[in-house]
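These are the residues of each chain, in order.
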Amino acid sequence: MAYLIKRRAQILYISASLVKDKGKRRKIVIESRPEYAVITLQGLKEEYPISWEHLFEAARRHHAANLRAEAEPIRPASARGKRLPR
């Protein structure tokens, strides 16, 4: 006799970048669900659901700024605050 077990997978993305909240720096955790994502900070119970469509539109709006940020040269810590010659 064969039967199918309904499997549920939980996919979590944990960012490498940190966000400061309530005095602590925390990683961003994104839980992937079929119709939407749930975003929270590691160690907190507050959850913020967002549809995949809204997430895509936000990425589209910020795309140009992201490209500019990636194109900027990475400066060593000793040069921060100093202007680079053009």
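See above for the structure.
Residues numbered from 1 in each chain as written. Predicted model: local features only at pLDDT ≥ 70, side-chain atom pairs only at ≥ 80, totals over all residues. Heavy atoms only, no water.

Undergrad: I keep staring at the pairing of strand 4 (residues 48-51) and nothing clicks. Help me out?
TA: Remark: a regular strand shows side chains that alternate across the two faces of the sheet. As paired strands, strand 3 (residues 36-41) and strand 4 are joined by four bridges and run antiparallel to one another. When the bridges of strand 4 are listed, A37 appears paired with I50. What sits between the antiparallel neighbours strand 3 and strand 4 is a turn of six residues, in which G43 has the positive phi angle 90°. (Pairing = 2+ DSSP bridges. Helix = DSSP H or I, 4+ residues; strand = E, 2+ residues; numbered from the N terminus.)

Undergrad: Is there a simple way to think about the sheet that holds strand 1 (residues 11-21) in this case?
TA: Taken in spatial order, the four strands make up an open sheet running 1-2-3-4, and their pairing is antiparallel. Looking at which strands have only one partner, the edges of the open sheet turn out to be strand 1 and strand 4. With direction set aside, neighbouring strand axes in the sheet form an average angle of 25°. In this structure, strand 1 lies alongside strand 2 (residues 24-32), joined through eight bridges in antiparallel fashion. Note that in strand 2 the partner of L12 across the bridge is E31. (Axes fitted to C-alpha atoms, helices over the stretch in contact; angles between N-to-C directions.)

Undergrad: Honestly, helix 1 (residues 52-71) in this entry has me stumped. Any pointers?
TA: It helps to recall that an α-helix has 3.6 residues per turn; residues three or four apart then point in one direction. When the terminal C-alpha atoms of helix 1 are compared, their 27 Å separation across 20 residues agrees well with the 28 Å that a helix rising 1.5 Å per residue should span. Residue H63 marks the point of greatest curvature in helix 1, where the axis turns by about 50°. (Expected span 1.5 Å × (residues − 1). Bend = angle between axes of the 7 residues up to and from the residue.)

Undergrad: Mind showing me how you'd approach the pairing of strand 3 here?
TA: Of the strand pairs in this sheet, strand 2 and strand 3 are connected by five bridges, and their pairing is antiparallel. Residue pairing across strands places I30 opposite I39, the latter belonging to strand 3. Hairpin connection, strand 2 to strand 3: the antiparallel pair is bridged by three residues.

Undergrad: Mind showing me how you'd approach the pattern of salt bridges here?
TA: What the rule picks out here adds up to two salt bridges. A salt bridge links E46 to K22; its shortest N-O distance comes to 3.6 Å. Taken together, the positions of E46 in the loop between strand 3 and strand 4 and K22 in the loop between strand 1 and strand 2 put the pair 24 residues apart, joining distant regions of the chain. Residue E46 is classed as partly exposed on the basis of its relative accessible area, which comes to 38%. The partner of E31 in a salt bridge is R33, and the shortest N-O contact between them spans 3.1 Å. Given a relative accessible area of 28%, R33 falls into the partly exposed group. (Salt bridge = Lys/Arg side-chain N within 4 Å of Asp/Glu carboxyl O. Buried < 20%, exposed > 50% of the residue type's maximum accessible area, 1.4 Å probe, protein only.)

Undergrad: How should I be thinking about the side chain of E31 in this particular structure?
TA: With respect to the secondary-structure elements, E31 resides in strand 2. Since its relative accessible area comes to 15%, E31 is described here as buried. Polar contacts involving the side chain of E31 include one to the side chain of R33, which spans 3.1 Å. Excluding its chain neighbours within four sequence positions, the residues that come into contact with E31 are Q10, I11, L12, Y36, A37 and V38. (Polar contact = N/O pair within 3.5 Å; in protein donor to acceptor, adjacent residues only side chain to side chain. Contact = heavy atoms within 4.5 Å.)

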